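Listed below, chain by chain, are the residues.
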Amino acid sequence: MPLPEAFDYAEPDGMGLELGDQVAAPLGPRLLRGVVVGLREAAGGNRPLKPIEELLAEPRLPPGTVEFIQWAARYSVDWPGQPLAIALRGARAPKPRPVRVLEATGAQPARMTPAREKVLAAAARPLSPADLARAAGVSSGVVKALVDEGVLAARLIEADASFPPPDPARPGAALNASQAAAAGALTALLAEGGFSVALLDGVTGSGKTEVYLEAAAAVLAADPDAQVLILLPEIALTQAVIGRVAERFGAEPGEWHSDVAPPMRRRVWEAVAAGRCRIVVGARSALFLPFPRLKLIVVDEEHDASFKQEEGFIYHARDLAVARGKIEDAAVVLASATPSLETLRNAEQGRYRWLRLEGRHGEARLPDIELIDLRETPPETGRWLSPPLVKAMGETFARGEQTLLFLNRRGYAPLVLCKACGERMTAPDTDSWLVEHRYSGRLVCHLTGFSMPKPKACPHCGAADALVSIGPGVERVEEEAKSLFPQARVAVFSSDTAFDAREGKRLIEAMADGQIDILVATQAAAKGHNFPDLTLVGVVDADLGLRGGDLRAAERTYQLLAQATGRAGRKEKAGRALLQTWAPEHAVMQALVAQDRDAFVAAEMAEREAAGLPPFGRLAAVVASGTDPVALEDFVRLAAQSAPNSPGVEVYGPADAPLGLIRGRRRKRFLVRADRTVDLSAYMATWRARMKPPASVRVAIDIDPYSFL
Ligand SMILES: [Zn+2]
C-alpha cells in the first residue's frame, strides 16, 4: 500500500510473533497481508490498537531481508510497500500442483518382455508416465499396459520440491595464469569474511565467469549453509550461466526472472527462504529474495543499464546489491569488460578491490577494429551496408565463417511517413514514432506496446500507397543481407524474435553450432555469448547511441560497441570488427580503434568531474505527470517553490520532458544535482513530504536517473 511507514497493531496473546512474520491485518474494512517489521512493548499507549488477525502459515522473512527492504525504500524515496511487494512476489504465487508418478506395486506382469523389464528397472525412482517411457526407451503403450495390469500404480507427489545441494568439490575449469591469480585474490578476500566489494575487470573472452564460479565454490565449501546469488542483466543470458553453474557444481541452481512460471517461482522462493536453495541465478528482482544466509552476490555485466528498474519501484540493482551485501555482511563481486564510471571510481579510490584479468582465455585474440567512414564510402541509396563491409562479409562467408551484424534497433524501420503530405506516423497518446515491423505487418510503439496494422492509405491526407519506411531496423538489414548473399543462412536476433528465454536459447545454440552464417542482432546478442566461428562483426550504425545526448551517451556507446566488437574471434581464429560511422573523429570511435579503454575513461572522468556529475556528484529526477494540463502546471510551479534550500544542491526545472506525452499523460521534469557529501535521499524525502499533488497528478522520484526522457 502507498503508505509512508508501517502501521502499529496489537499482538493477540499467545500468537508469538517474530520479526519477518507474514500476517493478516485489518486496514479499514479490508484484511491485508503484511509483514512484521518491528516489535516492541507498548506501555499503555494513548490509543487502542487493532489486533493482528492471523499469523499466516508462510515462511518468515529473515531479518536481513526486512532491513534491506526498509533501506531500499528509504534510499529510493518510495513507500516501503513497494520493495516489500517485490520481496513477496514468490510468496503470493500459486503453489505448484502435485504431479502424478508411477511406482511398481510388487505385482509381477503376466508376461515379461525385454521392454517391460526396462520399464520396471526405470521405475525404481518415481517418474511421470511420459518420463518413465522416455527413461526406459519404450512407447507409452508399454507403460500403460503395465498400469492396466496393476504392475505399476499412480501416486501424487509434490512437484520436485528439493534443490540438490551444490558440490563445490567437483573439479572446476582449468584456469590460465591470469584467471588463477584473480581467483586466488578473490578467494583470499572472501576468506577474510564480512562485507567487501571486488571489481572483476577483464576484456570480453577473458573468462570472468570461471573466476567468479571459483569464488562461489570457496564460499559454498567454507560454510555448508552459505547462499550465493548471481545477477544477470537479461533473461537471455541466464540460460547460459545456469548451464555453467550446473556443470561446475553438479546441481541446477534456482532460476528467478519474469519468465519463470508462477508455481516454479513459489518453489524457488520457499526453497531460498528455507536455505535449501543455495545458488540462485536471476534478473534484478532476485535481489529481493528472502536469503537467510547470503554470503556472496555476483553482479555480472555490472555496467549494464538493464539493471536499472525504471517503472514502479525505481532502483538500480547494482547499487542495491552493494547495499544488501553490507546488510548481510556478504561479499559482492562486480564483473565487467567495460565497468561503469561509478564502479571504476570506487575501484580507483580503493573502496572496491580491483582485480584485472589480462588477455583473453586460451589462444583467443582481441579483434582488429576498423572504422568505415560513411562520408567516403556510403552505401547505395536505400541500402545500409557500405561497400567495405559487404566485401568483408563476402570474404567471411567464402571462408565458411560467421558474421554478426549489429544494430540496436528492433523492427523494420524506425519511422514511417507519408511522401504525399509528410505526415509522420506517431502513437495516438504518446510522443513517439511508430516503428514498422514487417514480420507482424504492424506499426508498434516501443514505449507503450501500442500497435496497429499498417494502413493502406495515409490517415492524414488519404493518399493511397504513400507511406514509406525511413531508416533501418534489424528486419530491414536482414532483408538486405539476404539479397546480397542469397546462399547464406541469415537470421535475426532481437527481443521481438527472441521473445522468450527458450527461443533466445535456440537461436544462440543454432549460431554456436554453425547453422547460421549471418546473424543480424540488437544488443540482446552483444552480451556474453560465445560463437567460435564468428570472425566478423559489422556495426551498422555506430553513432546511434551518441545521438541520445544524455549524461551517459558516450559511456554507453563505448560499452555497447566494445561488447559487440568483442564477439569476434573467440577461439584460435582472428577476428575483425568494422564500425560504420559518420563521425570517425569522435573520442568514442578513436578509443575503440585504439582499444584504449583507459584513455577513454580518463577523458570521460575529467568531463564529469568538471561538471560535478556522477560519479563526482549525484543526480535525482522528479517526473510529474497528469491528464489535466492546468493542474499539472499548477502543481509543478508550487513544487518548485517548495524545494528545500540546501548547500551543495541545485534544482533545475520544471521543464517539459523530452517525451512530453506518454499514454495520454503530460510529463514535466525536475533535475536535482548534489555534491557527493549531500544525503540526497533525505533531501528528496523532505521535498516529497512538502509536495501536495492533486489526485490527477502522479509524482515519481528517480535517484541516480539513467533515463532523461
Ligand atoms: Zn499523407
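Up top you'll find the structure we're talking about.
Presented here is an overview of the structure given in this document. (Residues numbered from 1 in each chain as written. Predicted model: local features only at pLDDT ≥ 70, side-chain atom pairs only at ≥ 80, totals over all residues. Heavy atoms only, no water.)

### Quick notes on the coordination of the zinc ion
Looking at the zinc ion, the protein donor atoms are C418 (SG), C421 (SG), C458 (SG) and C461 (SG), and they sit 2.3 to 2.4 Å from it. Coordination geometry of the zinc ion: the 4 donor atoms subtend angles of 107 to 112° at the metal centre, consistent with an arrangement described as tetrahedral. Site description for the zinc ion: donor spacing in sequence, C-x2-C-x36-C-x2-C. Remark: C461 occurs in the loop between β20 (451-453) and β21 (467-470) and C421 occurs in the loop between β17 (415-418) and β18 (435-437); sequence separation between them is 40 residues. Taking relative accessible area as the criterion, C421 reaches 35% and is therefore assigned partly exposed. We classify C461 as partly exposed; its relative accessible area is 38%. (Donors = N, O, S within 2.8 Å, 3.2 Å for Na, K, Ca; no water. Tetrahedral: all angles 85-135°; square planar, octahedral: opposite > 155°, others 65-115°. Helix = DSSP H or I, 4+ residues; strand = E, 2+ residues; numbered from the N terminus. Buried < 20%, exposed > 50% of the residue type's maximum accessible area, 1.4 Å probe, protein only.)

### Here's the deal with the pairing of strand β2 (residues 30-35)
Sheet analysis places strand β1 (residues 22-27) next to β2, joined by 6 bridges and oriented antiparallel. When the sheet's bridge partners are listed, P26 is paired in β2 with L31. Between β1 and β2, which pair antiparallel one after the other, the connecting turn spans 2 residues, and G28 there sits at a positive phi close to 60°. (Pairing = 2+ DSSP bridges.)

### A word on helix α18 (residues 629-641)
In an α-helix, one full turn covers 3.6 residues, which means residues spaced three or four apart are oriented alike. Taking 1.5 Å per residue as the helical rise, α18 with its 13 residues ought to reach 18 Å, and the 19 Å between its terminal C-alpha atoms agrees with that figure. Taken together, the buried positions of α18 are A631, L632, F635, V636 and A639. For α18, the arc enclosing every buried residue in end-on projection is 125°, short of the 170-degree limit, so these residues lie on one face. Pointing more than 90 degrees away from the buried face of α18 are the exposed residues V630, L638 and Q641. (Expected span 1.5 Å × (residues − 1). Arc of directions from axis to C-beta.)

### Comments concerning the sheet that holds strand β14 (residues 353-357)
The 7 strands lie next to each other as β8-β9-β7-β10-β13-β6-β14, forming an open sheet whose pairing is parallel. Two strands in the sheet have a free side with no partner beyond their single neighbour: β8 (254-256) and β14. Each adjacent strand pair in this sheet contributes to an overall mean axis angle of 20°, direction not counted. Of the pairings in the sheet, the one linking strand β7 (residues 227-231) to strand β9 (residues 279-282) comprises 4 bridges and is parallel in character. Looking at β9, one finds that L229 is bridged to V280. Each of β7, β8 and β9 is contacted by helix α9 (residues 262-273), which is oriented at about 120° to β8, the strand it contacts most. (Axes fitted to C-alpha atoms, helices over the stretch in contact; angles between N-to-C directions. Contact = heavy atoms within 4.5 Å.)

### Some points on the sheet that holds strand β28 (residues 665-675)
Pairing is antiparallel in the open sheet, where 4 strands are placed in the order β27-β28-β26-β29. Pairing within the sheet leaves two strands with one partner each, and these edge strands are β27 (649-662) and β29 (697-703). Averaged over neighbouring strand pairs, the angle between their axes works out to 20° when direction is ignored. Relative to β29, strand β26 (residues 617-626) is paired through 7 bridges, and the arrangement is antiparallel. Residue pairing for β29: G626 is matched across the bridge by V697.

### What about helix α7 (residues 208-222)?
In a regular helix each residue adds 1.5 Å, so 15 residues correspond to 21 Å; α7 covers 22 Å between its end C-alpha atoms and thus fits that length. Taking burial as the measure, the 15 residues of α7 include 12 buried ones, the bulk of the element.

### Section: the environment of E18
Within the element layout of this structure, E18 appears in the segment before β1. With relative accessibility at 42%, the residue E18 sits in the partly exposed group. Sequence-wise, E18 and R266 are 248 residues apart; in three dimensions their C-alpha atoms are separated by 22 Å. Among all residues touching E18, those that are not within four sequence positions of it are V36, L39 and R60.

### Overview of the pattern of salt bridges
The final tally for this structure, using the stated rule, is 39 salt bridges. The salt bridge involving R318 is made with E302; its shortest N-O contact spans 3.3 Å. One end of the pair, R318, is in helix α10 (residues 317-328); the other, E302, is in the loop between β10 (294-300) and β11 (308-309), and 16 residues separate them in sequence. Per residue, the accessibility class of R318 equals that of E302, and both read buried. Because the salt bridges share partners, they merge into one network encompassing E58, K95, R266 and E270. (Salt bridge = Lys/Arg side-chain N within 4 Å of Asp/Glu carboxyl O.)

### Quick look at unusual backbone geometry
Cis peptide bonds are those with omega within 30 degrees of zero, and the linkage from P614 to P615 qualifies with 5°. Among the structural elements, P615 can be located in the loop between α17 (597-611) and β26. Look at D329: it is not a glycine, yet its phi comes out positive at around 60°. Looking at where D329 falls in the secondary structure, it is placed in the loop between α10 and β13 (331-336). At D704, a residue that is not glycine, the phi angle is positive and equals roughly 60°. Relative to the elements of secondary structure, D704 occurs in the segment after β29.

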